[in-house]
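Here is what each chain is made of, one letter per residue.
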Amino acid sequence: MKTNKHVENFNKKHLQSGETAVAWAEGYIGSVMGKGKDTQHNGALIVTDVRVAFYRKGLLGEVIENIPLKSITSIERKSILGHRSIKMHTSHDDLEFKTYSKEGEIAVIDAIEAGRQLSGKPTASQTASATVDPYEQLKKLADLKDAGILSEEEFQDKKTKIMALI
């Protein structure tokens, strides 16, 4: 996936020590033609190994909204005529991101679900079954590494944590 100016600025200014961006998608928050709190902000939804962040750097300032992966309680997805919406809920807040990129939507959803699994937060598939299968987690982790989302070092670190469960 090619780079994006909002992702580059986020990585330079807001990526914390030891934190790695694993996926992102271009899109917006707010409402088209919205005002005040509902103003539309075009930018990028960035998934790191610890949080989901919407970021936009503009001429007059920046917009950043963060949700820790471990705080996400549920995710809603909608698609109407190619317009995709991802709404992440926490016990105290929510963040709705909109995009036209199917590839971007899939990349961020997969990264969020993988991050929630590794942070110990149940995902939709985990809540359906009471037990977490470490072997399935290892397969998904390997898929993320093969897709280039995780580096070898990140893969080994997360693999060690999953192996401790076996």
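Preceding this section is the structure that the text describes.
Residues numbered from 1 in each chain as written. Predicted model: local features only at pLDDT ≥ 70, side-chain atom pairs only at ≥ 80, totals over all residues. Heavy atoms only, no water.

Undergrad: Looking at this structure, how should I read the side chain of N4?
TA: Considering the arrangement of structural elements, one finds N4 in the segment before helix 1 (5–13). By relative accessible area, N4 is classed as buried at 5%. Within the local environment of N4, its side chain forms a polar contact with the side chain of E26, the two groups lying 2.7 Å apart. (Helix = DSSP H or I, 4+ residues; strand = E, 2+ residues; numbered from the N terminus. Buried < 20%, exposed > 50% of the residue type's maximum accessible area, 1.4 Å probe, protein only. Polar contact = N/O pair within 3.5 Å; in protein donor to acceptor, adjacent residues only side chain to side chain.)

Undergrad: Where do I start with helix 5 (residues 152–163) in this structure?
TA: Here helix 5 spans 16 Å end to end across 12 residues, near enough to the 16 Å set by a 1.5 Å rise per residue. Along helix 5, the residues that are buried comprise E154, F155, K158 and I162. When helix 5 is viewed along its axis, its buried side chains cluster within an angular range of 100° and face the same direction. Across helix 5 from its buried face, at more than 90 degrees, point the exposed residues E153 and T160. (Expected span 1.5 Å × (residues − 1). Arc of directions from axis to C-beta.)

Undergrad: Any chance you could explain the packing of helix 4 (residues 134–146) against helix 5 here in plain terms?
TA: Helix-helix packing is characterised by the crossing angle of the two axes and by the distance between the axes. Helix 5 packs onto helix 4 with a crossing angle of 175° between their chain directions and a minimal axis gap of 10 Å. By the angle between their axes, helix 4 is roughly antiparallel relative to helix 5. Facing helix 4, whose interface residues are P134, Q137, L138, L141, A142 and K145, helix 5 presents E152, F155, K158, K159, I162 and M163. Residue composition of the contact of helix 4 with helix 5, grouped by class: seven nonpolar, one polar and four charged. (Axes fitted to C-alpha atoms, helices over the stretch in contact; angles between N-to-C directions. Parallel < 35°, antiparallel > 145°, perpendicular 65-115°, else oblique. Contact = heavy atoms within 4.5 Å. Nonpolar A, V, L, I, M, F, W, Y, C, P; charged D, E, K, R; others polar.)

Undergrad: Would you take a moment to explain empty space enclosed by the protein for this structure?
TA: To find the voids left in a structure, one rolls a probe of water-molecule size over its atoms. Scanning the entire structure with this criterion turns up two cavities of 30 Å³ or more. Here the largest cavity defines a volume of roughly 90 Å³. Estimates place the volume of the second largest cavity at around 30 Å³. Lining the second largest cavity, in full, are A114, Q117, L118, Q137, K140, L141 and L144. Secondary-structure elements contributing two or more residues to the lining of the second largest cavity are helix 2 (102–119) and helix 4. Of the residues forming the lining of the second largest cavity, the biggest block, four residues, is contributed by helix 4. Of the residues belonging to the lining of the second largest cavity, the class tally is four nonpolar, two polar and one charged. (1 Å grid on protein atoms, 1.4 Å probe; cavity = no way out; pocket = protein on both sides within 12 Å on 5 of 7 lines; lining within 4 Å. Points joined across faces, edges and corners; volume = space filled by probe spheres on them.)

Undergrad: Could you clarify how one ought to interpret unusual backbone geometry in this entry?
TA: Across residues other than glycine, the phi torsion is negative in most instances, and most of the peptide bonds are trans. Of note, the phi angle at M33 is positive, near 65°, even though the residue is not glycine. Looking at where M33 falls in the secondary structure, it is placed in the loop between strand 1 (21–29) and strand 2 (41–48). Residue classification places M33 among the exposed residues on the basis of a relative accessible area of 75%. Backbone geometry places L81, a non-glycine residue, at a positive phi of 50°.

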